[in-house]
Amino acid sequence: DAGITQSPRHKVTETGTPVTLRCHQTENHRYMYWYRQDPGHGLRLIHYSYGVKDTDKGEVSDGYSVSRSKTEDFLLTLESATSSQTSVYFCAISNTGIHAGELFFGEGSRLTVL
Amino acid sequence: AQSVTQPDIHITVSEGASLELRCNYSYGATPYLFWYVQSPGQGLQLLLKYFSGDTLVQGIKGFEAEFKRSQSSFNLRKPSVHWSDAAEYFCAVGSLRDYKLSFGAGTTVTVRA
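Residues numbered from 1 in each chain as written. Chains lettered and ligands numbered in written order. Predicted model: local features only at pLDDT ≥ 70, side-chain atom pairs only at ≥ 80, totals over all residues. Heavy atoms only, no water.

**Description of the sheet that holds strand β7 (residues 64-70) of chain A**
Residues and elements named next belong to chain A.
Reasoning step 1: Spatially, the four strands line up as an open sheet ordered β1-β3-β8-β7, and their pairing is antiparallel. A strand with exactly one partner marks an edge of an open sheet, and here the two such strands are β1 (4-7) and β7. When the angles between neighbouring strand axes are averaged without regard to direction, this sheet yields 15°.
Reasoning step 2: Here four bridges tie β1 to strand β3 (residues 19-25), and the two strands are oriented antiparallel to one another. Its bridge partner lying in β3, Thr 5 is registered against His 24. (Pairing = 2+ DSSP bridges. Helix = DSSP H or I, 4+ residues; strand = E, 2+ residues; numbered from the N terminus. Axes fitted to C-alpha atoms, helices over the stretch in contact; angles between N-to-C directions.)

Below is the structure:
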């Protein structure tokens, strides 16, 4: 199994509070991704990173920011959480983007915003 | 923009019966196509992928998929389903120009005894 650790795995918070989810990898993979999973929508890309300090937006990036100061860590921040951000968040990594390989997924972080 | 449609939200199949999950994609360039499986409470695991060449690809756990360019489809099949195949299945598309995948909404498979 790819060495991907997401933390926290479960979090309950209140509307308006900041939240940071952490993805840590031990594979030294270049690419890292944050997806959210919601019923009826599958997985939707929030942000991704193609190197240290190199990030770009995905299809549902509003209300989210990311940072990647070192290869192994990719942080997802909700500056002011809203109930619509209640979801399961998955981190994924890849050594080659999707060009020749696959994405390896973490086990997910379940976030509930009350 | 690339997109993936999985027409079936939920499929119920008897153990030992065959299974086919549908996937249609929309993409202007040559697509890279994937099927992932997600067991309850778990992350996603790659079943198989298609980049080029033979349009019938074999994957893990006895699954196969066929790429049909004329139909923009990449359907997943298994000849004989086991109870352990109960899970959610996602089709995904990407391309050489992209660093990312776009996923379909998923198909939940229930296996009955």
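And the narrative resumes.
**Here we look at the interface of chain A and chain B**
Reasoning step 1: If you look at the interface, chain A gives 23 residues, while chain B gives 23 residues.
Reasoning step 2: Here chain A and chain B share an interface that buries about 1800 Å² over both sides, 59% of which is from carbon and sulfur atoms.
Reasoning step 3: Summed over the shared surface of chain A and chain B, the number is zero salt bridges.
Reasoning step 4: If you look at where chain A meets chain B, you find three residue pairs in polar contact (both at pLDDT 80 or more).
Reasoning step 5: Going through the elements one at a time, β4 (31-38) and β5 (42-51) of chain A are the ones with two or more residues in the side of chain A that touches chain B.
Reasoning step 6: By residue class, the composition of the side of chain A that touches chain B is 12 nonpolar, eight polar and three charged. (Contact = heavy atoms within 4.5 Å. Buried area = accessible area lost by both parts, 1.4 Å probe. Salt bridge = Lys/Arg side-chain N within 4 Å of Asp/Glu carboxyl O. Polar contact = N/O pair within 3.5 Å; in protein donor to acceptor, adjacent residues only side chain to side chain. Nonpolar A, V, L, I, M, F, W, Y, C, P; charged D, E, K, R; others polar.)

**Some remarks on unusual backbone geometry**
For residues besides glycine, phi is generally negative; the peptide bonds are generally trans as well.
Residues and elements named next belong to chain A.
Reasoning step 1: The step from Ser 7 to Pro 8 runs through a cis peptide bond, and the omega angle for that step is -10°.
Reasoning step 2: Along the polypeptide, Pro 8 turns up in the loop between β1 and β2 (10-13).
Reasoning step 3: Non-glycine residue Asn 28 carries a positive phi angle of around 60°.
Reasoning step 4: Structurally, Asn 28 is set in the loop between β3 and β4.
Reasoning step 5: Here Lys 53, not a glycine, exhibits a phi torsion of approximately 65°, which is positive.
Reasoning step 6: A residue is classified by how much of its surface remains accessible, and Lys 53, at 64% relative accessible area, is exposed. (Buried < 20%, exposed > 50% of the residue type's maximum accessible area, 1.4 Å probe, protein only.)

**Points about the nonpolar core**
Reasoning step 1: Counting residues in each nonpolar core, the largest one holds 27 residues, and the members touching the most others are Trp35(B), Leu48(B), Phe74(B), Leu76(B) and Tyr89(B).
Reasoning step 2: Looking at this core element by element, the count peaks at four residues for strand β10 (residues 87-95) of chain B.
Reasoning step 3: Excluding anything up to four places from it in sequence, Phe74(B) contacts Cys23(B), Leu33(B), Phe34(B), Trp35(B), Leu48(B), Tyr50(B), Val57(B), Ala65(B), Glu66(B) and Phe67(B).
Reasoning step 4: Residues Phe90(A), Tyr32(B), Phe34(B) and Leu46(B) belong to the second largest nonpolar core, which totals 21 residues. (Core = buried A, V, L, I, M, F, W, Y, C linked by side-chain atoms within 4.5 Å.)

**Remarks on the environment of Gly62(B)**
Residues and elements named next belong to chain B.
Reasoning step 1: With respect to the helices and strands, Gly 62 occurs in the loop between β7 (56-58) and β8 (64-68).
Reasoning step 2: Residues Gly 62 and Lys 100, spaced 38 residues apart in sequence, show a C-alpha to C-alpha distance of 27 Å.
Reasoning step 3: Here Gly 62 is in contact with Arg 77, Lys 78 and Pro 79, once residues within four sequence places are set aside.

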